[in-house]
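Remarks on the overall topology
Here is how the chains run, residue by residue.
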Amino acid sequence: MSPILAISGLGKQFGGVTALAGVDLAVEEGEILGVVGPNGSGKTTLFNVVTGVHKPSGGTVLFRGRDITGLAPHAISRAGIGYTFQQAMAFAGLGVLENVQIAGEHRRAGGAANPWPTPQALLDFVGLSALGGEKAGVLPFGSLRLLGLALALATRPSLLLLDEPAAGLNDRETSALVGLVRQLPGHGITVCVIDHDMKLMQMLCRRLAVLDFGSKIADGPTEKVLADPKVLDVYLGGDL
Amino acid sequence: MKTGNALRSLLPVLVILALIAAVPLFSPSNRFLSLAISAGTNVIALYGLSVLFGQTGILSMGHAALVGVGAYAAAILARDFGVGFWTALPVAALASAVFAMIVGIPSLRVGGHHFVIMTFAFGQLLAIVLTNGGDYTGAATGLDIAGPVTLFGADMSDLTRYYLMVVAFVTAAAVASWAIIHSSYGRTLRAIRENEKLAASLGINVGRHKIGAFVVSGVFAGISGVLLAYFLGHISPSQFSSFPSIYLALMVMIGGARLIEGPLAGGILVAFLPEVLNLDPVQSRIVYGVCLIAVIMLLPDGLIGGIVRALRVAFSGKPKQEAERDAAPSEARQ
Ligand SMILES: Nc1ncnc2c1ncn2[C@@H]1O[C@H](COP(=O)(O)OP(=O)(O)OP(=O)(O)O)[C@@H](O)[C@H]1O
Ligand SMILES: [Mg+2]
């Protein structure tokens, strides 16, 4: 089966800094793929370029066979790619329910049956239904992350990119998040997740890709990748 | 938002406007009616500005220029094509909307503070063009616009009748702005105001909607311009330059741009305050300046927002906020 997302030779320069140096990566339909790498290795840049936040300096991105390289963020969202940013965010001045409502109003028409037909159903799913009447700006950090997930899901993506979704969460919140993310492939949502927490990645992902200085240095089954001397080398003295 | 709640938010404005419509029963002076009519035309423009600034978070310092486009369109249509008030209304609204688009497309691309400067420059530019337009625009003296405004055969030129007609237009503008606020379109604009990056990631075409909001504000401005032109009977470039634009921005901020009562309060206050306090133009400018600084520093939701909050505190003991309210930071904590 052809991959849902096929990234080839993707490059990104910021002035003199090479954030991505020609990355090839294929995301298979229905999987939860992990992307790891040291700080500054280009993980967020990879997501930003795929989702149109930044224009690539080179390379192509195919989503379900369609070339989406360099499209605007809203067009990529409507094509079916959801994104939660590394910096948790919501529409702070608006109500929690209104946040989710807005997020569901701009997706493309049609598509498969929606597992969460209403904003309320989505809030139930992420466990925020009790907070629907609050303003997003007053949510505690953990709830803000969950709201971010609900917003991305409201666009009904078939591929969801999560950039450090568990950063800043406590253990209880993290395991709740793991529970949610694991259900996504069952709802027809392929997931690609960045995180530094290898325990979390082992729980979520059967496959890992490793970035270092903007290049992919490993890609394969999680256990194999984590035993790879090249990967251990990169993380020497790090958090592995 | 539930329709019941939404409707209830419209009610206070309708009640106030009903009271305002009853004013002629108390045989007000002509001076009062004239002031009220020009305040009313401002309020219509302010409802457009509240969609742009209050909902979308974009500040225009050229709104009076869009009013001017409407006013000149009405005057030129009447002079060259013999077109009357009611036909001029939609045409002038369209003309202002098109101008907004022409200014908005390049200006909103550069974003943020540049937009404020671009709209300011547009206001100045329009005044210069009108001043140097020769006979076509009447140069610095401007244009006369004569011709009766009739409604179902009745002559509306009489001051009291014109007053009532303007109140009707203000009501329509308030209802239109209320409908926008409570629609999915209004939610989209608020999302852009709160966080453009997030909005884009959720499928919102931020650039297009910002231009759209500016165009919508232009429609309100154009209608305001026609009403103003027919009321004054004479228009000139200086009425639509940067100073009047700054006044409009000031009025909407003083009243509170996010609340449906805000434009009404701002327009009335700025029109009648100098009258009530018996201030000369220089003094009233100083008072407005001080008001503006006070509002920006103390009442981010404007005067009405401040009053509503104070009442809430007085009745429930704690401030509670609503969706359209509150100047929250555009990004949640990092
Ligand atoms: N907008 C930008 N402008 C300039 N340089 C940038 C920009 N975004 C990223 N970079 C640079 O690109 C490189 C990769 O950054 P990126 O944020 O992709 O790393 P990361 O792998 O996500 O790191 P972390 O784990 O800390 O989030 C870094 O050197 C960073 O400084
Ligand atoms: Mg990152």
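Now for a description of the structure that goes with this document. (Residues numbered from 1 in each chain as written. Chains lettered and ligands numbered in written order. Predicted model: local features only at pLDDT ≥ 70, side-chain atom pairs only at ≥ 80, totals over all residues. Heavy atoms only, no water.)

When helices and strands are tallied, chain B shows 14 helices and 4 strands. Taking 20 Å as the expected radius of gyration for a compact globule of 334 residues, we find that chain B reaches 20 Å, a close match to that expectation. Evaluated residue by residue, chain B yields a buried proportion of 50% over its 334 residues. Of the roughly 14600 Å² of accessible surface on chain B, 69% is carried by carbon and sulfur atoms. Positive and negative charge centroids in chain B, built from 20 and 15 side chains respectively, lie 13 Å apart. (Helix = DSSP H or I, 4+ residues; strand = E, 2+ residues; numbered from the N terminus. Rg over C-alpha atoms; globule rule 2.2 N^0.38 Å. Buried < 20%, exposed > 50% of the residue type's maximum accessible area, 1.4 Å probe, protein only. Areas by Shrake-Rupley, 256 points an atom, 1.4 Å probe, with all protein chains shown as cover. Lys, Arg positive; Asp, Glu negative; His and termini not counted. Charge placed at Lys NZ, Arg CZ, Asp CG, Glu CD.)

Here the focus is the overall build of chain A. The helix and strand tally for chain A stands at 9 helices and 10 strands. Its C-alpha atoms give chain A a radius of gyration of 17 Å, near enough to 18 Å, the size a compact globule of 240 residues would have. Taking the principal axes of the C-alpha coordinates as reference, chain A spans close to 50 × 40 × 35 Å. Counting contacts in chain A only where the partners sit at least 6 residues apart, residues at least 24 apart contribute 68% of the total. When the accessible area of chain A is evaluated, it comes to approximately 9500 Å², of which 54% is carbon and sulfur surface. Between the centroid of the 19 positive side chains of chain A and the centroid of its 21 negative side chains there is a distance of 6 Å. (Contact = heavy atoms within 4.5 Å.)

Time to look at the pairing of strand β1 (residues 5-14) of chain A. Each regular strand displays side chains that alternate between the two surfaces of the sheet. All names here are of chain A. Pairing of β1 with strand β2 (residues 17-27), which is carried by 8 bridges, proceeds in the antiparallel orientation. Residue pairing for β2: A6 is matched across the bridge by A26. Counting the residues in the hairpin turn of β1 and β2 gives 2 residues, including G15, whose phi is positive at 60°. (Pairing = 2+ DSSP bridges.)

The next point concerns the sheet that holds strand β7 (residues 159-163) of chain A. Residues and elements named next belong to chain A. Ordered in space as β6-β7-β8-β3-β9-β10, the 6 strands form an open sheet in which the pairing is mixed. Strand pairing shows two members of the sheet lacking a second neighbour, β6 (81-84) and β10 (215-221), which therefore form its edges. Ignoring which end each strand starts from, the neighbouring axes of this sheet average 15° apart. The pairing of strand β9 (residues 207-212) with β10 spans 6 bridges and is classified as antiparallel. Within β10, the residue paired with V210 across the bridge is A218. Running at roughly 160° to β7, helix α5 (residues 141-154) makes contact with β6 and β7 of the sheet. (Axes fitted to C-alpha atoms, helices over the stretch in contact; angles between N-to-C directions.)

Let's shift gears to the site of ligand 1. Residue and element names in this part refer to chain A. As a matter of local geometry, ligand 1 sits amid 15 residues, with N39, K43, T44, T45 and H196 nearest to it. Note that an oxygen atom of ligand 1 is positioned 2.7 Å from one of the side-chain N or O atoms of K43. In isolation ligand 1 exposes 640 Å². Once the protein is present, 63% of that is buried. Every element with two or more residues in the shell around ligand 1 is listed here: β2 and α1 (43-50). Considering each element in turn, the shell around ligand 1 owes the most residues, 3 residues, to α1. For the shell around ligand 1, the residue count by class is 4 nonpolar, 9 polar and 2 charged. (Near = heavy atom within 4 Å. Polar contact = N/O pair within 3.5 Å; in protein donor to acceptor, adjacent residues only side chain to side chain. Nonpolar A, V, L, I, M, F, W, Y, C, P; charged D, E, K, R; others polar.)

The subject of this paragraph is the coordination of the magnesium ion (ligand 2). Residue and element names in this part refer to chain A. Each protein donor to the magnesium ion (ligand 2) is listed here as T44 (OG1) and Q86 (OE1); together their distances run 1.9 to 2.1 Å. Here T44 is found in helix α1, whereas its partner Q86 is found in the loop between β6 and α3 (96-103), with 42 residues between them in sequence. Judged by its relative accessible area of 33%, Q86 is partly exposed. (Donors = N, O, S within 2.8 Å, 3.2 Å for Na, K, Ca; no water.)

The next subject is the packing of aromatic side chains. Residues and elements named next belong to chain B. If you walk through the whole model with that rule in mind, you get 13 aromatic pairs over all chains. Taking 6.0 Å as the distance between ring centres and 25° as the angle between the ring planes, the aromatic pair formed by Y162 and F231 counts as stacked. Here F231 lies in helix α10 (residues 206-232) and Y162 lies in helix α7 (residues 159-181), a separation of 69 residues in the sequence. In this structure, Y162 and F231 share a single accessibility class: buried. (Phe/Tyr/Trp six-rings, centres within 6.5 Å; stacked < 30°, edge-to-face > 60°.)

On the surface, B:L11, B:L14, B:V15 and B:L19 cluster together into a nonpolar patch covering about 360 Å² of accessible area. Along the polypeptide, B:L11 turns up in helix α1 (residues 3-21). (Patch = residues over 30% accessible without salt bridge, like charges linked within 9 Å, V, L, I, M, F, W, Y side chains within 5 Å. Salt bridge = Lys/Arg side-chain N within 4 Å of Asp/Glu carboxyl O.)

Residue and element names in this part refer to chain B. Taken N-terminus to C-terminus, the directions of helix α11 (residues 242-255) and helix α12 (residues 262-277) make an angle of 120°; their axes are 7 Å apart at the nearest point. Regarding the angle of α11 to α12, the classification is oblique. Two packed elements cross with a definite hand, and for α11 against α12 that hand is right-handed. Contact with α11, carried on its side by Y247, L250, M251, I254 and G255, involves G262, A265, G266, G267, L269 and V270 of α12 and no other residues of that element. In terms of residue class, the contact of α11 with α12 is made up of 7 nonpolar, 4 polar and no charged. (Parallel < 35°, antiparallel > 145°, perpendicular 65-115°, else oblique. Left-handed = near helix turned anticlockwise from the far one by under 90°.)

Right, let's talk about the sheet that holds β1(A) for a bit. All names here are of chain A. Strand order across the open sheet formed by 4 strands is β2-β1-β4-β5, with antiparallel pairing between neighbours. With partners counted over all chains shown, the strands left at the sheet margins are β2 and β5 (66-67), one partner each. Across the sheet, α1 is in contact with β1, β2 and β4 (58-63); its angle to β1 comes to roughly 110°.

A few words on α11(B). Residue and element names in this part refer to chain B. Helix length check: α11 (14 residues) gives 20 Å between terminal C-alpha atoms against 20 Å at 1.5 Å per residue, within 8%. For α11, the tally of buried residues reaches 11 of 14 residues, placing the bulk of the element in the interior. Of the residues making up α11, those classed as buried are S242, S245, Y247, L248, A249, L250, M251, V252, M253, I254 and G255. Following α11 by one or two positions, G256 adopts a phi angle in the positive range, close to 110°. (Expected span 1.5 Å × (residues − 1).)

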